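Residues per chain, in single letters:
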Amino acid sequence: MDDMLTPDAQWTWYLDTESSALGLNLSNRWYFQTAYTAKQLNNSVESRPFSAEDSQYYMEAVESLLALKSTLTTAECMQIALNATAYYCFGKELSPKSWYFDQHIPRQDELRLASLVANGVNANVFIVEQQGAFSVCLTLMPIKSKSGKALEMFSPVKVSNQLLNATTLLESPEHFIKRA
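Note that the structure is a prediction, hence the values are computed from the model and not measured.

On to the nonpolar core, then. With 38 residues, the main nonpolar core has Leu24, Tyr36, Tyr58, Phe126 and Phe154 as its most contacted residues. Secondary-structure elements contributing two or more residues to this core are strand 2 (21–25), strand 3 (31–37), helix 1 (52–66), helix 2 (74–90), strand 6 (121–131) and strand 7 (134–139). In terms of residues, this core owes the most to one element, helix 2, which gives 10 residues. Residues within four places of tyrosine 58 in sequence aside, it is in contact with Met4, Leu5, Pro7, Trp11, Phe50, Met78, Ala81, Leu82 and Thr85. Among the nonpolar cores identified, the runner-up in size contains 9 residues, and Leu116, Ile127, Leu163 and Leu164 belong to it.

Here's what the structure looks like:
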């Protein structure tokens, strides 16, 4: 965890007017652009410091990803965690989209990483938040749903918990860090 970005008082959320994407100013020279544009975010997006709650969510997400038996690098874990934190803090409320995926599989409580089956293919997702019988997830790879809708990496989707299959192995996709 030596290479991990650790939140500090200088981190600030902002909406980049040029790209219309949510960003995080990490220092005077380092910026992280999330995968989310203004239309995917709630109306409370404003320039504000990275709060203690944001820091706690981010650190828990990174630690849960690093604890997995995976080929993810620390940088990839941080990218997932920063996007998950951004959506947790600013994402719009989603309607369930369970019909996008193939089968109902029993799941374990308190998952952070899971897989969904879309068109017979296992697709990894990161669970941002559990909301009763549903979970808000971020896709960790491009997915083509049963209905034919293409979901890009880090697309938010709300699905029935019955669709989530526990997974502890995550392969590092070849296209991973391209959005950062």
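Next comes the rest of the write-up.
For a regular strand, the rule is simple: side chains alternate between the two faces of the sheet. Among the 6 residues in strand 5 (residues 113–118), 6 count as buried, and that is most of the element. Here strand 5 shows a buried face lined by Leu113, Ser115 and Val117 and a second buried face lined by Ala114, Leu116 and Ala118. Two successive antiparallel strands, strand 5 and strand 6, enclose a turn made up of 2 residues, where asparagine 119 displays a positive phi of approximately 55°. Direction of pairing for strand 5 relative to strand 11 (residues 165–166): antiparallel, over a ladder of 2 bridges. Each bridged residue has a counterpart across the sheet, and for serine 115 the counterpart in strand 11 is asparagine 165.

The next subject is the sheet that holds strand 3. Here we have 4 strands laid out as an open sheet, ordered 3-2-1-4, and antiparallel in their pairing. The open sheet has two edge strands, strand 3 and strand 4 (48–49), and neither has a second partner. Note that strand 2 and strand 3 share 4 bridges and pair antiparallel. Across the sheet, residue glycine 23 finds its bridge partner in strand 3, namely glutamine 33. Lying on the sheet, helix 2 is in contact with strand 1 (12–16), strand 2, strand 3 and strand 4; it crosses strand 3 at an angle near 55°.

So, about the pattern of salt bridges. What the rule picks out here adds up to 2 salt bridges. When the shortest N-O distance is used, the salt bridge between glutamate 93 and lysine 158 registers 3.1 Å. A residue pair is termed long-range when its members are at least 10 positions apart, and glutamate 93 in the loop between helix 2 and strand 5 and lysine 158 in strand 10 (residues 156–160) qualify at 65 residues. Judged by its relative accessible area of 60%, glutamate 93 is exposed. Lysine 158 sits in the buried class, given a relative accessible area of 9%.

On to the side chain of serine 155, then. The topology assignment puts serine 155 in the loop between strand 9 (150–151) and strand 10. Looking at serine 155, its side chain comes within polar contact range of the main-chain oxygen of glutamate 152, at 2.8 Å. When residues no more than four places from it in sequence are discounted, the contact partners of serine 155 are Cys137, Leu138 and Thr139.

Here is what the cut-offs are and how they apply
Residues numbered from 1 in each chain as written. Predicted model: local features only at pLDDT ≥ 70, side-chain atom pairs only at ≥ 80, totals over all residues. Heavy atoms only, no water. Core = buried A, V, L, I, M, F, W, Y, C linked by side-chain atoms within 4.5 Å. Buried < 20%, exposed > 50% of the residue type's maximum accessible area, 1.4 Å probe, protein only. Helix = DSSP H or I, 4+ residues; strand = E, 2+ residues; numbered from the N terminus. Contact = heavy atoms within 4.5 Å. Pairing = 2+ DSSP bridges. Axes fitted to C-alpha atoms, helices over the stretch in contact; angles between N-to-C directions. Salt bridge = Lys/Arg side-chain N within 4 Å of Asp/Glu carboxyl O. Polar contact = N/O pair within 3.5 Å; in protein donor to acceptor, adjacent residues only side chain to side chain.

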